[in-house]
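Structural overview
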Amino acid sequence: PTMKNLIFLFFVLALVSSSFGQKTPQEFKTEHVIILVIDGVRHTETFGDSTFQNIPNLKNILAPQGILNTNFRANPPRTTTNAGHTSMTTGRNQRIRNDGSQLPRFPSMFQYLMKQQNIHKDKLWVISSKGKLSILGNTKRRKWRDVYQPHVFCGLNGNGRDHVGDARTWEKVTQVVDTYAPKLMLINLLAPDARAHANNWNGYIEAIKQSDRYALELWERIQNHPVMKDKTTLFITTDHGRNADGFKDGFISHGPGTESNRRIFLLTLGPDTKTNVEMENKNHELIDLPSTIAHILNFQMPTSRGKVMHELF
């Protein structure tokens, strides 16, 4: 063969080699994705505590079944509830009011998925103990506002106002999982954040423990579900941390861009994820969640600035 032919052959082999082994979205076993958000827990009371006394199920039962990042990041301008949740649904960090009076600037993963794959609304859910998170079902962006919206059940009686106890939220979660086998779902549990804001340390700790029990219950329910078993990826995380002890009012509040507010965790479980892997990876943040979910479920999020977390798979 001539030198030109050898160069061409080498080029072809290089292309084949570079693409070999890459997993395309169609090859994922995952058909359903759930994000469980345990609102406003600090690293020091979760994976930063070497005893793991508040999260025995997350650490000892769930983490070995998946991949745990104990240095995931919350990077919106202000580390607040609505900003954190907007990051994890739109793939953009946004300065947004925290009272529920302002819609996200960009469409959410729910809207993109519904439009591109013609998914029925019954398969897309936002369920939150906080009424103000009803904003996650919509956007202010022209041509997207008020269309392609998921079911939103947030706050008191799901009316998008006030707060409701996590027990009532959990009743709705179990009903939706059992009845609809959702394609994409986000769940928010407010109790740790609410108890901390009330300066109730014991209540804050007990709420973390209860959320830990809910997390295990959810995973077991998925694994016993006739449709979702072995076809569901579960992300467990939080929307922000809290102030460090000795900074301002300590655990009571959050919002600044300090390390204690930005360092959070991400635990990922599912049929396509690695198991029994633990890392401290500062290179990924909340905006990477929707990009990764779009990669798994094979839809596009052109307005997202997040990265696909390939190391999960």
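This one's a predicted model, so the numbers in the text were calculated from it and none came from an experiment. Sequence order as written defines residue numbering, which begins from 1 separately in each chain. It should be noted that, the model being predicted, local features are given only for residues of pLDDT at least 70 and side-chain atom pairs only at 80 or more, the latter also being counted only at that level, while totals for whole chains, interfaces and linings use all residues. Note: side-chain values were computed over all heavy atoms of the structure, leaving out hydrogens and water.

Considerations on the sheet that holds strand β2 (residues 67–73)
For sheets, the rule is that strands pair by backbone hydrogen bonds, running either parallel or antiparallel. Applicable threshold: The pairing criterion is simple: DSSP has to find at least two bridges between the two strands. For helices the rule is a DSSP run of H or I covering at least 4 residues; for strands it is a run of E covering at least 2, with both sets numbered from the N terminus onward. Angles shown run from 0 to 180 degrees and are taken between the N-to-C directions of axes, each axis being a line fitted to C-alpha atoms and, for helices, limited to the stretch in contact.
Taken together, the 9 strands give an open sheet; going across it, the order is β5-β4-β3-β6-β1-β7-β8-β2-β9, and neighbouring strands pair in mixed fashion. This sheet does not close on itself; its edge strands, each paired only once, are β5 (159–161) and β9 (277–279). Sheet twist, expressed as the average angle between the axes of neighbouring strands with direction ignored, equals 15 degrees. The sheet contact formed by strand β4 (residues 151–155) and β5 spans 2 bridges and is parallel. If you follow C154 over to β5, its bridge partner there is N159.

What about a positive patch on the surface?
Defined as follows: Here the term patch refers to residues with relative accessible area over 30% and no salt bridge, with like charges joined within 9 Å and nonpolar side chains (Val, Leu, Ile, Met, Phe, Trp, Tyr) within 5 Å. In short, Shrake-Rupley with a 1.4 Å probe defines the accessible areas, and a residue's cover is counted only from the protein chains shown. Salt bridges are defined as contacts in which a side-chain nitrogen from Lys or Arg sits within 4 Å of a carboxyl oxygen from Asp or Glu. His is not counted, nor are the chain ends, whereas Lys and Arg count as positive and Asp and Glu as negative. To locate a charge, take atom NZ for lysine, CZ for arginine, CG for aspartate or CD for glutamate. Partly exposed describes any residue whose relative accessible area lies between the buried limit of under 20% and the exposed limit of over 50%, with all areas from a 1.4 Å probe on protein chains only and scaled to the type maximum.
A cluster of basic residues, R97, R105, K140 and R145, forms a positive patch on the protein surface. Here R145 lies in the loop between β3 (124–128) and β4. By relative accessible area, which is 46% here, R145 ends up partly exposed.

Section: unusual backbone geometry
A positive phi angle, close to 60 degrees, is found at D162, a residue other than glycine. Along the chain, D162 turns up in the loop between β5 and α5 (166–180).

Some details on the packing of α5 against helix α7 (residues 201–223)
Here is the rule: Any angle from 65 to 115 degrees is called roughly perpendicular, while one under 35 is roughly parallel, one over 145 is roughly antiparallel, and all others are oblique. In this analysis, two residues are considered to be in contact whenever any of their non-hydrogen atoms come within 4.5 Å of each other. Here the term charged refers only to Asp, Glu, Lys and Arg, the term nonpolar to Ala, Val, Leu, Ile, Met, Phe, Trp, Tyr, Cys and Pro, and the term polar to all other amino acids, Gly among them.
The interhelical angle for the contact between α5 and α7, taken along N-to-C directions, is 10 degrees, at an axis separation of 11 Å. Classed by the angle they form, the pair α5 and α7 counts as roughly parallel. Contacts from D166, A167, W170, V173, T174, V177 and D178 in α5 reach Y214, E217, L218 and R221 in α7. Residues that form the contact of α5 with α7 fall into these classes: 6 nonpolar, 1 polar and 4 charged.

So, helix α4 (residues 109–117)
Filter applied, for reference: Whenever a nitrogen or oxygen atom comes within 3.5 Å of another N or O atom, the pair is scored as a polar contact, on the condition that within protein one atom can donate a hydrogen and the other can accept it, and that pairs from neighbouring residues in sequence are kept only if both atoms are in side chains.
Of all the residues in α4, the buried ones are M109, F110, Q111, Y112, L113 and M114. Of the surrounding elements, those touching the buried residues of α4 are β1 (32–38), α3 (81–90), β3, β6 (184–189) and α9 (288–297). Of the residues that open α4, the one with a side-chain oxygen 3.2 Å from the backbone nitrogen of F110 is S108. N118 sits one or two residues past α4 and shows a positive phi near 55 degrees.

Some words on the pattern of salt bridges
Overall, the coordinates contain 13 salt bridges when judged by the stated rule. A salt bridge links D245 to R42, with the shortest nitrogen-to-oxygen separation between them at 3.1 Å. Of the two residues, D245 is situated in the loop between β7 (232–237) and α8 (259–262) and R42 in the loop between β1 and α2 (56–62); the sequence distance between them amounts to 203 residues. You can call D245 exposed: its relative accessible area is 61%. Connected via shared salt-bridge partners are D39, K130, D193 and R242.

As for the pairing of β7
Across the 6 residues of β7, 6 count as buried, placing the element largely inside the fold. The two faces of β7 match: T232, L234 and I236 on one face and T233, F235 and T237 on the other face are all buried. Where β1 lies against β7, 6 bridges are found, and the strand directions are parallel. For V37, the partnering residue across the bridge sits in β7 and is T237. Here β7 pairs with strand β8 (residues 263–269) via 4 bridges, running antiparallel. The partner of I236 across the bridge, within β8, is L267.

Here we look at the confidence of the model for the protein
Heads up, the rule is: Residue-level confidence of the predictor, termed pLDDT, takes values from 0 up to 100.
For the protein, per-residue confidence averages 93 on the pLDDT scale, and residues scoring 70 or more make up 92% of the total. Segment residues 15–25 is flagged for pLDDT under 50; beyond a separation of four residues in sequence, or across chains, it makes 7 contacts in the model.

A short note on the pairing of β3
Within β3, 5 of the 5 residues are buried, which leaves the element mostly enclosed by the surrounding structure. Of the two faces of β3, the one carrying L124, V126 and S128 and the one carrying W125 and I127 are both buried. Pairing geometry for β3 and β6, over 5 bridges, is parallel. If you follow I127 over to β6, its bridge partner there is I187. Direction of pairing for β3 relative to β4: parallel, over a ladder of 4 bridges. From the neighbouring strand, V126 faces β4, where its bridge partner is V152.

Some thoughts on the environment of T268
Note that T268 resides in strand β8. By relative accessible area, T268 is classed as buried at 0%. For the pair formed by T268 and A63, sequence separation is 205 residues and the distance between their alpha carbons is 8.1 Å. T268 has contacts with G66, I67, T233, L234, F235, T273 and L312, leaving out every residue within four places of it along the chain.

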